[in-house]
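Structure at a glance
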Amino acid sequence: MSVGEMAGLIVAVFWAVLVTLLAVVLVRLSTVLRETSALVHSVSEQAVPLLEDASAALAGARQQLDRVDEITANVQDAAANANALSSTVAATLGGPLVKVAAFSYGVRRAVARQGGSGAAVPGPHTPGDRDAIAAIVRAEVRAATAPRRRGLAARIRRAVRG
């Protein structure tokens, strides 16, 4: 065998080993690809039902939120109606009740000033006594039903007057 034949034989063995190694790599690659294909297929089979369940849950949550929005709007309407009703009742009954209370307070104060003890005024009265009592009652009613000032000086004046 000559050197050229020997070199040709070495190259042929080298190519045979290289092709064998490439065949082994391709066989392993094909098994990996088959396993990957099976994995993707099983994941897709499991993912589709999960996505459908998630979609159904999202639709249910959206419906519940719509209901909650409707309930919230109804509660706001009810609160506004209750506020309007209480304002109306306060305006309708509040004024006369304040006037009655002020009148009774004025009568009690007038009787107390006249009698000294707060009991009913005994004995006969002259027309002048009745006029004085009426003037005191009117003044007390005016004072009680007058609009109240809210400042510090007004509070001090009320506290000093009693």
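Residues numbered from 1 in each chain as written. Predicted model: local features only at pLDDT ≥ 70, side-chain atom pairs only at ≥ 80, totals over all residues. Heavy atoms only, no water.

1. Side note on the overall build of the protein
Looking only at helices and strands, one finds three helices and zero strands in the protein. Order of helices (α) and strands (β) in the protein, N terminus to C terminus: α-α-α. When each of the 162 residues of the protein is scored for burial, the buried share is 4%. (Helix = DSSP H or I, 4+ residues; strand = E, 2+ residues; numbered from the N terminus. Buried < 20%, exposed > 50% of the residue type's maximum accessible area, 1.4 Å probe, protein only.)

2. Side note on the packing of aromatic side chains
One pass over the full model with this rule turns up one aromatic pair. Measuring from ring centre to ring centre gives 6.3 Å for Phe14 and Trp15, while their planes differ by 70°; the resulting arrangement is edge-to-face. Side by side, Phe14 and Trp15 carry an identical accessibility label, which is exposed. (Phe/Tyr/Trp six-rings, centres within 6.5 Å; stacked < 30°, edge-to-face > 60°.)

3. Looking at a nonpolar patch on the surface
A cluster of nonpolar residues, Met1, Met6, Leu9, Ile10, Val13, Val17 and Leu21, forms a patch on the protein surface that exposes about 720 Å² of accessible area. On the secondary structure map, Ile10 appears in helix H1 (residues 3–115). Taking the relative accessible area as the measure of exposure, Ile10 reaches 54% and is therefore exposed. (Patch = residues over 30% accessible without salt bridge, like charges linked within 9 Å, V, L, I, M, F, W, Y side chains within 5 Å. Areas by Shrake-Rupley, 256 points an atom, 1.4 Å probe, with all protein chains shown as cover. Salt bridge = Lys/Arg side-chain N within 4 Å of Asp/Glu carboxyl O.)

4. Digging into the confidence of the model for the protein
Overall, the predicted model of the protein reaches an average pLDDT of 82, with 81% of residues at or above 70. Across the protein, element-level confidence peaks in H1 with a mean pLDDT of 89 and bottoms out in helix H3 (residues 152–161) with 68. Low pLDDT, under 50, characterises residues 117–123; the stretch is placed with seven contacts to residues that sit more than four places away or in other chains. (pLDDT = per-residue confidence, 0-100. Contact = heavy atoms within 4.5 Å.)

5. Details of the environment of Thr36
Topologically, Thr36 is positioned in helix H1. Taking the relative accessible area as the measure of exposure, Thr36 reaches 38% and is therefore partly exposed.

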